[in-house]
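Descriptive structure summary
Below are the chains, spelled out letter by letter.
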Amino acid sequence: MALTREEREQFLAEPHVAALAVEAGRQDRAPLTVPIWYQYEPGGEVWIMTGRHSRKGLAIAEAGRFGLMVDRVTPTVRYVSVEGPVVSTRPATREQLVEISSRYLPAEKVDAYVDFAWKEHGEQVVIRLRPERWLSSDLGRV
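Attention here is on the structure that accompanies the text. The model shown is predicted, which means the values in this text are computed figures rather than measured ones. (Residues numbered from 1 in each chain as written. Predicted model: local features only at pLDDT ≥ 70, side-chain atom pairs only at ≥ 80, totals over all residues. Heavy atoms only, no water.)

A separate point is the overall build of the protein chain. Each helix and strand in the protein chain was counted, giving four helices and seven strands. Sequence-ordered secondary structure for the protein chain, helices as α and strands as β, is α-β-β-β-α-β-β-α-α-β-β. Here the C-alpha radius of gyration of the protein chain, 16 Å, is about what a compact globule of 142 residues would show, namely 14 Å. In terms of overall dimensions, the protein chain has a C-alpha envelope of 45 × 45 × 25 Å along the principal axes. Considering only contacts within the protein chain whose residues lie at least 6 apart along the sequence, 70% involve residues at least 24 apart. (Helix = DSSP H or I, 4+ residues; strand = E, 2+ residues; numbered from the N terminus. Rg over C-alpha atoms; globule rule 2.2 N^0.38 Å. Contact = heavy atoms within 4.5 Å.)

Here is the structure:
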């Protein structure tokens, strides 16, 4: 059964690890699909942080759009997929790295991870997607 708008937005706002899909730029390859952390608040834009010159960063810049899919298997099998255009790409701030890391890591691990990532991951950007197309379902208990 498809989720209501409120249900799908609330589900997307939860801290799931997303599968990001973006056109890889080659007809002999499937779309690039990789796991990624993301941030979303109902009614807003989705944002991710990645290396400006990473494979996914370059593919998103070329395609101008990407999709995310998040799912869970308990207590019911549920998923939300969202796709849309990139509306901005800006240099990431340390504060954004703290925000997204805090969403996924235990509080006692955030500072050490942020220190490491800020120094070692190279130039990072925040890419914002405007949700344009949604797919969602709750398949019930398995």
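Moving on: the packing of aromatic side chains. Summed over all chains, the structure comprises three aromatic pairs. Between the aromatic rings of W37 and Y113, the centroid separation amounts to 5.6 Å while the plane-to-plane angle is 55 degrees, which identifies the pairing as tilted. One end of the pair, W37, is in the loop between strand 2 (32–36) and strand 3 (46–51); the other, Y113, is in helix 4 (residues 107–120), with 76 residues separating them in the sequence. Taking relative accessible area as the criterion, Y113 reaches 25% and is therefore assigned partly exposed. Both rings, one in Y40 and one in W134, keep their centres 6.3 Å apart while their planes meet at 70 degrees; by these two values the pair is edge-to-face. (Phe/Tyr/Trp six-rings, centres within 6.5 Å; stacked < 30°, edge-to-face > 60°. Buried < 20%, exposed > 50% of the residue type's maximum accessible area, 1.4 Å probe, protein only.)

So, about helix 4. For helix 4, built from 14 residues, the straight-helix expectation of 20 Å at 1.5 Å per residue is met to within 8% by its first-to-last C-alpha distance of 21 Å. If you check which residues of helix 4 are buried, you get V110, V114 and A117. Residues of helix 4 that are buried make contact with helix 3 (94–104). After helix 4 finishes, the residue G122 shows a positive phi value of roughly 75 degrees. (Expected span 1.5 Å × (residues − 1).)

Right, let's get into the environment of I48. Here I48 lies in strand 3. Classification of I48 as buried rests on a relative accessible area of 0%. Along the sequence, I48 and F116 sit 68 residues apart, while their C-alpha atoms lie 18 Å from each other. For I48, the contacting residues outside a window of four places in its chain are L20, I36, W37, Y38, I60, F66, L68, V125, V126 and I127.

On to the side chain of R103, then. Tracing the backbone shows R103 in helix 3. Despite its burial, R103 remains without a salt bridge, the nearest opposite charge being carried by E99 at 7.6 Å. Within the local environment of R103, its side chain forms a polar contact with the side chain of Y104, the two groups lying 3.4 Å apart. (Lys, Arg positive; Asp, Glu negative; His and termini not counted. Salt bridge = Lys/Arg side-chain N within 4 Å of Asp/Glu carboxyl O. Polar contact = N/O pair within 3.5 Å; in protein donor to acceptor, adjacent residues only side chain to side chain.)

Time to look at the side chain of S136. When you line up the elements, S136 lands in strand 7 (residues 133–140). Reaching out from S136, the side chain makes a polar contact with the backbone nitrogen of L3 at a distance of 3.3 Å. Setting aside anything within four residues of it in sequence, one finds S136 in contact with M1, A2, L3, R8, Y79 and V80.

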